[in-house]
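Structural characterization, general
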Amino acid sequence: MAVETTPEPPLWNDPTQDIAVRVTALIDAMTLEEKIAQLYGVWVGASDEGGEVAPHQHDMEETVDLDALLPSGVGQLTRPFGTAPVDPALGALSLSRTQMRIAAANRFGIPALAHEECLAGFATWGATAYPVPLSWGATFDPGLIRRMAAAIGRDMRSVGVHQGLAPVLDVVRDARWGRVEETIGEDPCLVGTIGTAYVQGLQSSGVVATLKHFAGYSASRAGRNLAPVGMGPRERADVVLPPFEMAVREGRAGSVMHAYTDTDGMPSAADEDLLTGLLRDTWGFDGTVVADYFGIAFLKTLHGIAGDWAQAAGTALRAGVDVELPTVKTFGTPLAEAVTAGRVPESLVDRAVRRVLTQKVRLGLLDPDWSPVPAALDGAGRDDPDALRGTIDLDSPGNRELARTVAEEAVVLLTNDGTLPLDRPRRIALIGPNGAEPTAVLGCYSFPQHVGVHHPQTPPGIGLPTLHDALRRAFPDAELTVVRGTGVDDGDVSGIPEAVRTARGADVVVAALGDRAGLFGRGTSGEGCDVESLTLPGAQQQLLDALLDTGRPVVAVLLTGRPYALGRAAQGAAAIVQSFFPGAEGTTAIAGVLSGRTNPSGRLPVSVPRGAGAQPATYLGARLAQASDVSTVDPTAAFPFGHGMSYTSFDWDGLTVDRLEADTGGEFTLALTVRNTGQRHGTEVVQLYLHDPVASVVQPVQRLVGYTRIPLAPGEARRVRVTVPADLASFTGRDGRRVVEPGELQLRLAASSADVRLTATVTLTGPARHLDHTRRFHPRFEQKTQQKTQQKTQQKTQQKTQDRTGPATPTAT
């Protein structure tokens, strides 16, 4: 009697085999068309009825015939959840059914990789809107951002999404650029550490992080979106590239997105030295490089370095771009015909498809037990749209609590004359365009502002309490009057007289000012919403000045995507509270700071300018970038990078240095004591800056090389030790190589870039030492709690008085 045997699975479906073996076997079995099919996405939208996805029509693309593509396969599905409002459960069902169809239609059963935006949370209807990246930077708290990213990743993976298009690692070079809100800040150390934490968190949940925009997008001339970039190789190496290098090496990011821009005439999508020579050959990146949307076609239409679609495809493929997004344009028929005609080597296709399939194998998409059904649908009734509707919660209480924590840590108290925290005011005048606007807390890549604006009949899907709502809860006994005064950018001044009358009758005025996020001119902040100067939009400065003229205490609350010059309010306001699009829990966080429930600990990730037109400006400027008597333009910030105040006070003392000299391969260890001398729990942020007074090439006056948050109870002190490797003094030398040079350095322990508390002058000895990408990126901080100190009775009495009314003089911490 014959024994029936189970056929062996194809090699590429055998999880016991090495990944490279599986991928090679699959590539060897594929036709050219099947390989190319893995190298592009198709922009689709999930069905709100649970049916299969439908191709999304965009004004920059032709209609895609999905049925014609399926037999060869599909590499990626572009934004199935983030294209139109769809119930999350029905979106998951729609994606599941589509994945089943895709896998069944091609010979090898390969499903698509689904990607989504996740810049400020999972960008889909009904998902929690977290603070924007500029607020992540304001926390100076990588651990918290890692937790937030893990939560975002869990939600995405639960409904079948594999890749997230975040974080943005562009370093702010000009705050007039509309996409400042999407960045983490103006310092590469801050951007790199916070961005790497986000990568680690997202990928811990099984979602591939995508670093963008590689590289130099934020350095466009005059802060204009997609304008040429004119920076030199040293600025690129020492300012723009380090965050990406850190996220590749320490975060092990799975994907990188090329930038739209060209630098010195070379578009990033065509830059083989960048995408292959540096990223892969030097840094060892082994993931996929994906195109920014339409970026390969732009080689023909915008950059003018390709004569046809096939040449654009071949140029990008040769440079190192593996996947065309958002949909098939150049990597489809034009690429196939170019390979067949010998214009593009098939080996380049094989190289790219190897990377794509390796990623799919790592995600388990080629394992024999792969299922198109995501975890959120793994249960009874998973095929019944009516039963599924409303069953998936992407805005859970846990998410909201985490969003609130991030928002609270990101609030920056810029100035305070003692008015804050508010002490049971009887009459509050809430004046300004953002006082009663629910979406004032959202960035341009939040779903309501990015997609929801095109569907005004659909509710936002998440609770968005206004600042008015939050203040009513925080001050239930106060009489709260709301007056708009003017719009965000309409220039209407007709409401200012009413605002002034209301302000004069109040105990305190809360001026709710700022931005409206949008895209391509639909907002005052966001992609394609660049500005000519950093004056508050519309007539808001006129409104603010009129409120200051009333003589009533004015607390300016800024809900913005970038820093703005505030004119006389920088000195004349009773207090200024800065919040960078803090997300759905942002107004609750702000109300907590105003009421004193929360002691603010945020620090500025970008400088707040003194003048609206002194741009571009950054604290990273060299000596010639500082104010001088040979120019009438003063770029000095009103509030510098790293600045932020607290409702308590801190003393720093006891600086010791283990040695004053070390060789160029050595390290120094510094120690100091930080003590909470007030009567409230608070968090101090110790920032370490490096000043190199003499170097072979021009250096910034100082640059951040590390930081740590120190939570302290009243009277508590901690001894903080920081070990500083000489590698942190490295820079790109005259020959283009990274070098540590001997000589004197200053290690500045500071509360901001303009508030140095303790300085250690040390010397590096021995020969100059060259470094590569394996260099040390960070100092090592250690904290040890010391016994609480007893305050003198007089000090206690003084602090109690200050804690009731606020500090008599601002405490910059």
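Residues numbered from 1 in each chain as written. Predicted model: local features only at pLDDT ≥ 70, side-chain atom pairs only at ≥ 80, totals over all residues. Heavy atoms only, no water.

When helices and strands are counted, the chain shows 23 helices and 30 strands. What you see for the chain is a C-alpha radius of gyration of 27 Å, in line with the 28 Å of a compact globule of 813 residues. Projected onto its principal axes, the C-alpha coordinates of the chain cover approximately 100 × 70 × 60 Å. A burial count over the chain gives 63% of its 813 residues as buried. Put simply, 80% of the contacts in the chain that link residues at least 6 apart link residues at least 24 apart. Working note: accessible area of the chain is about 29,100 Å², and carbon and sulfur atoms make up 49% of it. (Helix = DSSP H or I, 4+ residues; strand = E, 2+ residues; numbered from the N terminus. Rg over C-alpha atoms; globule rule 2.2 N^0.38 Å. Buried < 20%, exposed > 50% of the residue type's maximum accessible area, 1.4 Å probe, protein only. Contact = heavy atoms within 4.5 Å. Areas by Shrake-Rupley, 256 points an atom, 1.4 Å probe, with all protein chains shown as cover.)

In this structure, the amide linkage connecting Phe214 to the following residue, Ala215, adopts the cis form with an omega of 5°. Structurally, the position occupied by Ala215 is in the loop between β6 (208-214) and α8 (233-240). Within the chain, Asp264 stands out as a residue other than glycine whose phi angle is a positive 55°. One can find Asp264 in the loop between β8 (262-263) and β9 (266-267).

By the element assignment, Asp322 lies in the loop between α12 (309-319) and α13 (333-340). Asp322 sits in the buried class, given a relative accessible area of 1%. Ignoring sequence-local partners within four residues, the contact set of Asp322 consists of Leu39, Arg280, Gly287, Thr288, Val289, Phe331, Ala352, Arg355 and Val356.

Take the side chain of His691 next. Tracing the chain through its elements places His691 in strand β22 (residues 682-691). According to the relative accessible area criterion, His691 is buried, its value standing at 10%. One polar contact links the side chain of His691 to the main-chain carbonyl oxygen of Val701, over a distance of 2.6 Å. With sequence-adjacent residues up to four places away left out, His691 is seen in contact with Val701, Leu745, Gln746 and Arg748. (Polar contact = N/O pair within 3.5 Å; in protein donor to acceptor, adjacent residues only side chain to side chain.)

So, about the pattern of salt bridges. Within the structure shown, the criterion is met by 39 salt bridges. In this structure, the salt-bridge partner of Asp286 is Arg362, at a minimum N-O distance of 3.2 Å. Taken together, the positions of Asp286 in the loop between α10 (272-282) and β10 (288-290) and Arg362 in helix α14 (residues 346-362) put the pair 76 residues apart, joining distant regions of the chain. Here Arg362 falls in the partly exposed class, since its relative accessible area comes to 49%. The closest approach of N and O atoms between Asp755 and Arg757, which form a salt bridge, is 3.0 Å. A relative accessible area of 26% means that Arg757 is categorised as partly exposed. Members of the salt-bridge network, linked through shared partners, are Asp395, Arg400, Arg404 and Glu585. (Salt bridge = Lys/Arg side-chain N within 4 Å of Asp/Glu carboxyl O.)

Time to look at the sheet that holds strand β15 (residues 554-560). The mixed open sheet is built from six strands, whose spatial order is β11-β16-β15-β14-β12-β13. The open sheet terminates on both sides in strands that have one partner only, identified here as β11 (412-416) and β13 (479-483). For this sheet, the mean angle separating the axes of adjacent strands, direction not counted, is 15°. The sheet contact formed by β15 and strand β16 (residues 575-580) spans six bridges and is parallel. (Pairing = 2+ DSSP bridges. Axes fitted to C-alpha atoms, helices over the stretch in contact; angles between N-to-C directions.)

Under the defined criterion, the tally for this structure stands at 13 aromatic pairs. An angle of 10° between the planes, with centres 4.7 Å apart, marks the rings of Trp136 and Tyr198 as stacked. Of this pair, Trp136 sits in helix α5 (residues 133-139) while Tyr198 sits in helix α7 (residues 188-204), and the two are 62 residues apart along the sequence. For Trp136, a relative accessible area of 0% puts it in the buried group. (Phe/Tyr/Trp six-rings, centres within 6.5 Å; stacked < 30°, edge-to-face > 60°.)

Moving on: the sheet that holds strand β20 (residues 661-663). The five strands are arranged β20-β28-β27-β22-β23 in an open sheet whose pairing can be described as mixed. Since the sheet does not close on itself, it has two edges, and those belong to β20 and β23 (703-712), each with one partner. Between one strand and the next, the sheet's axes are offset by a mean angle of 30°, whatever the strand orientation. Bridge count for β20 against strand β28 (residues 755-765) is three bridges, and the pairing is parallel. Directly across from Asp663, in β28, lies its bridge partner Thr765.

Now for helix α6 (residues 142-158). With 17 residues, α6 extends 24 Å from end C-alpha to end C-alpha; this agrees with the ideal 24 Å at 1.5 Å per step. Elements that come into contact with the buried residues of α6 comprise β4 (113-116), α5, β5 (163-164), α7 and α16 (397-410). (Expected span 1.5 Å × (residues − 1).)

Our next topic: the packing of α7 against helix α9 (residues 242-249). Two elements in contact, α7 and α9, have axes separated by 8 Å at closest approach and are oriented at 30°. Accordingly, the angle class assigned to the pair α7 and α9 is roughly parallel. As for the relative orientation of α7 and α9, their crossing is right-handed in sense. Between α7, through Pro188, Val191, Gly192, Thr193, Thr196 and Val199, and α9, the contact on the second element is made entirely by Pro242, Pro243, Met246 and Ala247. (Parallel < 35°, antiparallel > 145°, perpendicular 65-115°, else oblique. Left-handed = near helix turned anticlockwise from the far one by under 90°.)

Turning to α7, a few remarks are in order. Taking 1.5 Å as the rise per residue, α7 with 17 residues should run 24 Å; its terminal C-alpha atoms sit 24 Å apart, in good agreement. A large share of α7 lies buried, amounting to 14 of its 17 residues. Regarding α7, its N-cap is Asp187, as a side-chain oxygen of that residue lies 2.8 Å from the backbone nitrogen of Cys189 further along. Positive phi shows up at Gly206, right after α7, with a value of about 85°.

Right, let's get into the nonpolar core. Formed by 182 residues in total, the largest nonpolar core has its most connected members in Tyr198 and Phe214. Excluding residues within four positions of it along the chain, Tyr198 makes contact with Cys118, Trp136, Ile145, Met148, Ala149, Ile152, Ala166 and Pro167. Membership of the second largest hydrophobic core comes to 35 residues, among which are Ala129, Ile428, Leu464 and Val593. (Core = buried A, V, L, I, M, F, W, Y, C linked by side-chain atoms within 4.5 Å.)

By secondary structure assignment, the location of Leu93 is in helix α4 (residues 88-105). Of the residues examined, Leu93 reaches a relative accessible area of 1% and is grouped as buried.

Its place among the elements puts Pro111 in the loop between α4 and β4. Those residues in contact with Pro111 that lie beyond four places of it in its chain are Val74, Gln99, Ile102, Ala103, Lys360, Leu365 and Trp370.

This brings us to the environment of Leu165. Positionally, Leu165 belongs in the loop between β5 and α7. Under the relative-accessibility criterion, Leu165 is labelled buried at 0%. Separated by 50 residues in the primary sequence, Leu165 and His115 place their C-alpha atoms 7.2 Å from one another. Residue contacts for Leu165: discarding those within four places in its chain leaves His115, Glu116, Glu117, Cys118, Thr210, Lys212, Met257 and Tyr293.

For the rest of this paragraph, the subject is the confidence of the model for the chain. Residue-level pLDDT values for the chain average 93, and 94% of them are 70 or greater. Below a pLDDT of 50 lies the segment residues 790-813, which in the model reaches 46 contacts outside its immediate sequence neighbourhood of four places, other chains included. (pLDDT = per-residue confidence, 0-100.)

It is worth spelling out the state of the cysteines at this point. Scanning the model with the defined rule gives zero disulfides in all. Of the cysteine sulfurs around Cys118, a residue in no disulfide, the closest is that of Cys444, at 14 Å. Overall, Cys118 belongs to the buried group, its relative accessible area being 0%. Between Cys444, a cysteine without a disulfide, and Cys529, which holds the nearest cysteine sulfur, the sulfur-to-sulfur distance is 7.3 Å. By relative accessible area, Cys444 is classed as buried at 0%. (Disulfide = S-S within 2.5 Å.)

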